[in-house]
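Summary of the model geometry
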Amino acid sequence: MEICSIASGSSGNCILAGTDDTHLLLDVGLSGKRIEAGLNDIGLSTADIDGILITHEHADHIKGLGVIMRKYGLPVYATRGTIDSVLRCNYLGEVDAGLFHEINPGEKFTVGDMHVTPVSTSHDAADPVAYRMDSGKKSMAVVTDLGIYDETVVNMITGLDVLLLEANHDVHMLEVGVYPFYLKQRILGEKGHLSNETAGQLLCCVLHDGMKKIFLGHLSKENNYPQLAVESVRAEISMSDVPYSGSDFPIEVAGRDEPSEHVIF
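Residues numbered from 1 in each chain as written. Predicted model: local features only at pLDDT ≥ 70, side-chain atom pairs only at ≥ 80, totals over all residues. Heavy atoms only, no water.

Let us now look at the overall build of the chain. Secondary structure assignment for the chain yields nine helices and 14 strands. Taken over C-alpha atoms, the radius of gyration comes to 17 Å for the chain, in line with the 18 Å a tight globule of 265 residues would show. The principal-axis extent of the C-alpha atoms belonging to the chain is close to 50 × 45 × 35 Å. Taken over 265 residues, the chain has a buried fraction of 58%. Long-range pairs, those at least 24 residues apart, make up 65% of the contacts in the chain with a sequence separation of at least 6. Carbon together with sulfur atoms contributes 50% to the accessible area of the chain, which is approximately 10800 Å² in total. Here the chain contributes 19 positive and 38 negative side-chain charges, whose respective centroids are spaced 4 Å apart. (Helix = DSSP H or I, 4+ residues; strand = E, 2+ residues; numbered from the N terminus. Rg over C-alpha atoms; globule rule 2.2 N^0.38 Å. Buried < 20%, exposed > 50% of the residue type's maximum accessible area, 1.4 Å probe, protein only. Contact = heavy atoms within 4.5 Å. Areas by Shrake-Rupley, 256 points an atom, 1.4 Å probe, with all protein chains shown as cover. Lys, Arg positive; Asp, Glu negative; His and termini not counted. Charge placed at Lys NZ, Arg CZ, Asp CG, Glu CD.)

Shown next, in the form of structure tokens:
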């Protein structure tokens, strides 16, 4: 299997996940040109993509969707609430509603040789989900845009080889920063975004000897720093009751403006 974050952040999200035979994009919140350039960097093109998984309808996750749908006619997988919201987004232009495939949280579906499981997340969107992908004995997941996590989320990301997990903000930076009060409350709320510390606590629930790579994604430009995110998450692991130190696992940030490492496992 393989994973590469083309971009991850509030200005746009797009992640390549796949196998030798199947390639999927998780969200397309970038221009078609930028997505193509990111794929070219790892020897692929948009024409190689077999489908698009949409987590939710916010612009930083779908703003390139209209262009890509019209140019490539790719199938798009999303929940009913997300599909309805996307179809109401006038800025996407005309899209073929027949390309959408409705999925349901907790119900596994298959694209090529990848088995995909969506799981509901707590975010201020119509019907948001995260995704776990399995192929053979290998597995990975992308979990961003959630204010809190529950047992369902923990169970979904147990036993993974690779995880891309949101570490959106440092709570102190957010609290003393320039954001208006209502926005701070939204981000800190149950339907907002995971902080560095909460991301580390969630990681502690699912770490195991076989985990090969952890990406921290969807970092806030104004309320976080890559090094701070990594150090905070590592500290949470080291201070927890789990039998690991924060330095036991490779942890890196999926950047907002450049592709991440292309991990093949």
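Going through the model one piece at a time under the given rule, you end up with seven salt bridges. Close ionic contact of Asp 84 with Arg 80 constitutes a salt bridge, the shortest N to O distance being 3.0 Å. Residue Asp 84 and its partner Arg 80 are located together in helix H4 (residues 80-87), separated by four residues, close to a single helical turn. Overall, Asp 84 belongs to the partly exposed group, its relative accessible area being 31%. In this structure Arg 80 comes out as partly exposed when scored by relative accessible area, which is 36%. Several salt bridges converge on common partners, so that one network encompasses Arg 80, Asp 84 and Glu 102. (Salt bridge = Lys/Arg side-chain N within 4 Å of Asp/Glu carboxyl O.)

Take the nonpolar core next. Grouped together as the largest cluster of nonpolar side chains are 32 residues, with contacts concentrated most on Val 143, Ile 157, Leu 203 and Leu 216. Where this core is concerned, the elements lending two or more residues are strand E10 (138-143), helix H5 (151-156), strand E11 (162-166), helix H8 (196-206), strand E12 (213-217), helix H9 (226-239) and strand E13 (251-253). Looking at this core, the element that brings in the most residues is H8, giving five residues. Excluding its chain neighbours within four sequence positions, the residues that come into contact with Leu 216 are Leu 165, Ala 167, Ala 229, Val 230, Val 233, Ile 251, Glu 252, Val 253 and Ala 254. (Core = buried A, V, L, I, M, F, W, Y, C linked by side-chain atoms within 4.5 Å.)

Here we take up unusual backbone geometry. Residue Asp 27 is not a glycine yet carries a positive backbone phi of 70 degrees. In this fold, Asp 27 is placed in the loop between strand E3 (23-26) and helix H1 (32-41). Note on Asp 27: relative accessible area 3%, which makes it buried.

Strand order in the open sheet formed by seven strands is E6-E5-E4-E3-E2-E1-E14, with mixed pairing between adjacent strands. The sheet terminates laterally at strand E6 (100-103) and strand E14 (263-264), the two strands that pair on one side only. Most of the contacts of H1 go to strand E1 (residues 2-7), to which it runs at about 140 degrees, and overall it touches E1, strand E2 (14-18) and E3. (Pairing = 2+ DSSP bridges. Axes fitted to C-alpha atoms, helices over the stretch in contact; angles between N-to-C directions.)

A word on the sheet that holds strand E7 (residues 109-111). Here seven strands make up an open sheet; going across it, the order is E7-E8-E9-E10-E11-E12-E13 and the pairing mixed. Each of the sheet's edge strands pairs with one partner strand only, and the pair in question is E7 and E13. Going across the sheet, the axis of each strand differs from the next one's by a mean of 25 degrees, ignoring polarity. Alignment of strand E8 (residues 114-120) against strand E9 (residues 129-135), held across six bridges, turns out to be antiparallel. Note that in E9 the partner of Val 119 across the bridge is Ala 130. Those strands touched by H8 are E11 and E12, and its axis lies near 150 degrees from that of E11.

Those residues of H8 lying buried are Asn 196, Ala 199, Gly 200, Leu 202, Leu 203, Cys 204 and Val 206. At its buried positions, H8 is contacted by H5, E11, E12 and H9.

Take the environment of Arg 34 next. Relative to the elements of secondary structure, Arg 34 occurs in helix H1. Taking C-alpha positions, Arg 34 is 29 Å from Ser 120, a pair spaced 86 residues apart along the chain. If we skip the residues at most four places from it in the chain, Arg 34 touches Ile 6, Ala 7, Arg 256, Asp 257 and Glu 258. At 2.9 Å, the side chain of Arg 34 forms a polar contact with the backbone oxygen of Arg 256. (Polar contact = N/O pair within 3.5 Å; in protein donor to acceptor, adjacent residues only side chain to side chain.)

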